[in-house]
Amino acid sequence: MDSVQIEKMVTVTYHMMTHLTDGTIKDHPEEAITFVYGVERQVPTLERALEGCHVGDRKSITIPSGEIYGEHDPRLIAEIPRKGFLKQRLVQGQYYRQMKKGKLISFKVLDLLPHTVRADFNDPLAGIEVSMELEVTAIRDASPEEVEAAREAQVKRRIGCA
């Protein structure tokens, strides 16, 4: 019986729940993912959970925010001058986005003060963790062509082209 190991084509069905920073849990429909294990990189918690599994094995995992969207960093909250920002876009609790000198300025407006804005420059998903119920539904040897295609896709993802 095959087990999950490097260069095996693995199919996993999963039910995912995101745990938002305000305590809300968002339920997602069941999905499936097929990938070449050890070549197409997954988050470390998922890879560790799957290693050595067999078809039919089930796991419950929690993926910390640091592995997916990053931790919420309080150092990325700053009070900045309002001058130069489009007033109609500065709405408390909303994300402000504007191109300035060819660069995207993006932040969440926490507070509007008379001359300044308290802004959160964290990624909108920072601090969110994910829990998953997974089942390994298929394992087979990946063909040399599949392994090579997976390597190429992984390189493209690493440099931001996928």
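A brief report on the enclosed structure follows. Because the structure is predicted, anything quoted here is derived from the model rather than measured.

Quick look at the sheet that holds strand S6 (residues 95-100) now. Pairing within the open sheet is antiparallel, and its four strands lie in the order S5-S8-S7-S6. Two strands bound the open sheet, and with one partner strand each, they are strand S5 (77-81) and S6. Averaged over all pairs of adjacent strands, the angle between strand axes in this sheet comes to 45°, irrespective of strand direction. Pairing of S6 with strand S7 (residues 103-112), which is carried by six bridges, proceeds in the antiparallel orientation. Within the sheet, the bridge partner assigned to lysine 100 lies in S7 and is lysine 103.

Moving on, we get to helix H3 (residues 144-158). An ideal rise of 1.5 Å per residue puts 21 Å on 15 residues; H3 measures up with 21 Å between its terminal C-alpha atoms. Listed in full, the buried residues belonging to H3 are Val147, Ala150 and Gln154. Axial view of H3: buried residues confined to an arc of 60°, hence all on one face. Among the exposed residues of H3, those pointing more than 90 degrees away from its buried face are Pro144 and Glu145. Of the surrounding elements, those touching the buried residues of H3 are strand S3 (31-36). Of the residues one or two after H3, glycine 160 is the one with positive phi, at around 85°.

Okay, the packing of aromatic side chains next. Tallied over the entire structure, the rule returns four aromatic pairs. Where phenylalanine 85 meets phenylalanine 107, the ring centres are 5.5 Å apart and the plane angle is 80°; that geometry is what we call edge-to-face. With phenylalanine 85 in the loop between S5 and S6 and phenylalanine 107 in strand S7, this residue pair connects regions lying 22 residues apart in the sequence. When the ring of tyrosine 96 is compared with that of phenylalanine 107, the centres are 5.1 Å apart and the planes differ by 20°; the resulting orientation is stacked.

If you look at the biggest cluster of nonpolar residues, it comprises 18 residues, and the most contacted ones within it are Val4, Leu50, Ile61, Met132, Leu134 and Val136. Every element with two or more residues in this core is listed here: strand S1 (8-19), helix H1 (44-50), strand S4 (58-63) and strand S9 (129-141). Residue contacts for leucine 50: discarding those within four places in its chain leaves Val4, Val12, Phe35, Tyr37, Leu134 and Val136. One finds Ile80, Tyr96, Phe107 and Val109 within the second-largest nonpolar core, a separate group that totals eight residues.

About the thresholds
Residues numbered from 1 in each chain as written. Predicted model: local features only at pLDDT ≥ 70, side-chain atom pairs only at ≥ 80, totals over all residues. Heavy atoms only, no water. Pairing = 2+ DSSP bridges. Helix = DSSP H or I, 4+ residues; strand = E, 2+ residues; numbered from the N terminus. Axes fitted to C-alpha atoms, helices over the stretch in contact; angles between N-to-C directions. Expected span 1.5 Å × (residues − 1). Buried < 20%, exposed > 50% of the residue type's maximum accessible area, 1.4 Å probe, protein only. Arc of directions from axis to C-beta. Contact = heavy atoms within 4.5 Å. Phe/Tyr/Trp six-rings, centres within 6.5 Å; stacked < 30°, edge-to-face > 60°. Core = buried A, V, L, I, M, F, W, Y, C linked by side-chain atoms within 4.5 Å.

Treat this as a map of the structure, not an account of what it does.
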